[in-house]
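Structural characterization, general
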Amino acid sequence: MADGISSFWGPVTSTIECCEKNYAYSSYVAEFYNTISGLPGILLALIGLVNALRQRFEKRFSILHISNMILAIGSMLYHATLQHVQQQSDETPMVWEILLYMYILYSPDWHYRSTMPTFLFLYGAAFAAVHAYLRFGIVFKVHYVILCLLCIPRMYKYYIHTEDAAAKRIAKWYVATILVGSVCWFCDRVFCKRISQWPVNPQGHALWHVCMGFNSYFANTFLMFCRAQQRGWNPKVKYFLGVLPYVKIEKPKAQ
């Protein structure tokens, strides 16, 4: 949304702007709230990464938490500058991240194990190369939604085969955060003109970032629990500071 003081980054070149005044607080930060709202996602991903490394989970989960951090940082750069190049640093990691989720979800039952990571890697590389030169717009959104929808059946299968009540609760929090975040995102996009006339802007897109930070953390934690069950690691859900769930495992001595 246009307005505000002079821009350090120059004219807006991104294809999307959110319902927040540009450069309202600093000439270096285009969308202040949409920028700082990425910090919770980075912190949560860091907590998940430390837990994955400390308990020696498979490398896929360390990479997943790192990808969450990269995505949050890319999003912060994009909203701070509203430049097309930085927009790609947000959108391309979104696709890479969802491809990683697809690998974690489907690889346990994939008979030709080397083909899946190879295909997903080549797909992600090809998308990044094409996206560097083309502005997809609505095509990007449709493409991303399709990739997300491909994950849902498998996520649901994991949920119905999980008997642990605490793990199921994490899955429910995952669903709740994406629903609440989507409502915030939708209202910010569709009702911007009306919201801009309110005394206080609720910053729906920033709330979407916060919700998705928690959403990614809950998704990762639930998948770590399911994978630990598959490996026979006797997973238990514990709570950091009595609030934030994480997975505690007991590997057999042979492992």
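These numbers were taken from a predicted model, which means no experiment stands behind them.

Rules behind the numbers
- Residues numbered from 1 in each chain as written.
- Predicted model: local features only at pLDDT ≥ 70, side-chain atom pairs only at ≥ 80, totals over all residues.
- Heavy atoms only, no water.
- Disulfide = S-S within 2.5 Å.
- Helix = DSSP H or I, 4+ residues; strand = E, 2+ residues; numbered from the N terminus.
- Buried < 20%, exposed > 50% of the residue type's maximum accessible area, 1.4 Å probe, protein only.
- UniProt positions renumbered as here; feature names shortened; annotations may be inferred.

Here a disulfide denotes a covalent bond joining the sulfur atom of one cysteine to the sulfur atom of another. In the structure shown here, the tally under the stated rule is one disulfide. Residue Cys-19 pairs covalently with Cys-192 via a disulfide, S to S 2.3 Å. The disulfide joining Cys-19 to Cys-192 has a torsion of about 90 degrees about its S-S bond and is therefore right-handed. With a gap of 173 residues between them, Cys-19 in the segment before helix 1 (32-36) and Cys-192 in helix 8 (residues 192-195) connect regions that are remote in the sequence. Comparing Cys-19 with Cys-192, the two get one shared label, buried. The thiol of Cys-18 is not disulfide-bonded; the next cysteine sulfur, from Cys-19, is found 8.6 Å away. On the accessibility criterion, Cys-18 (4% relative accessible area) is buried. You can see Cys-226 has no disulfide; the closest cysteine sulfur is in Cys-151, sitting 14 Å from it. Using a relative accessible area of 4% as the deciding quantity, one classes Cys-226 as buried.

Feature annotation in UniProt places "transmembrane region" (unreviewed entry) on residues 32-50, 62-82, 171-191 and 206-226, given in this structure's numbering. The distance separating the terminal C-alpha atoms of residues 171-191 is 30 Å; by composition the span is 95% helix and 0% strand. What you have in residues 206-226 is 100% helix and 0% strand, and the ends, taken at the C-alpha atoms, are 30 Å apart.

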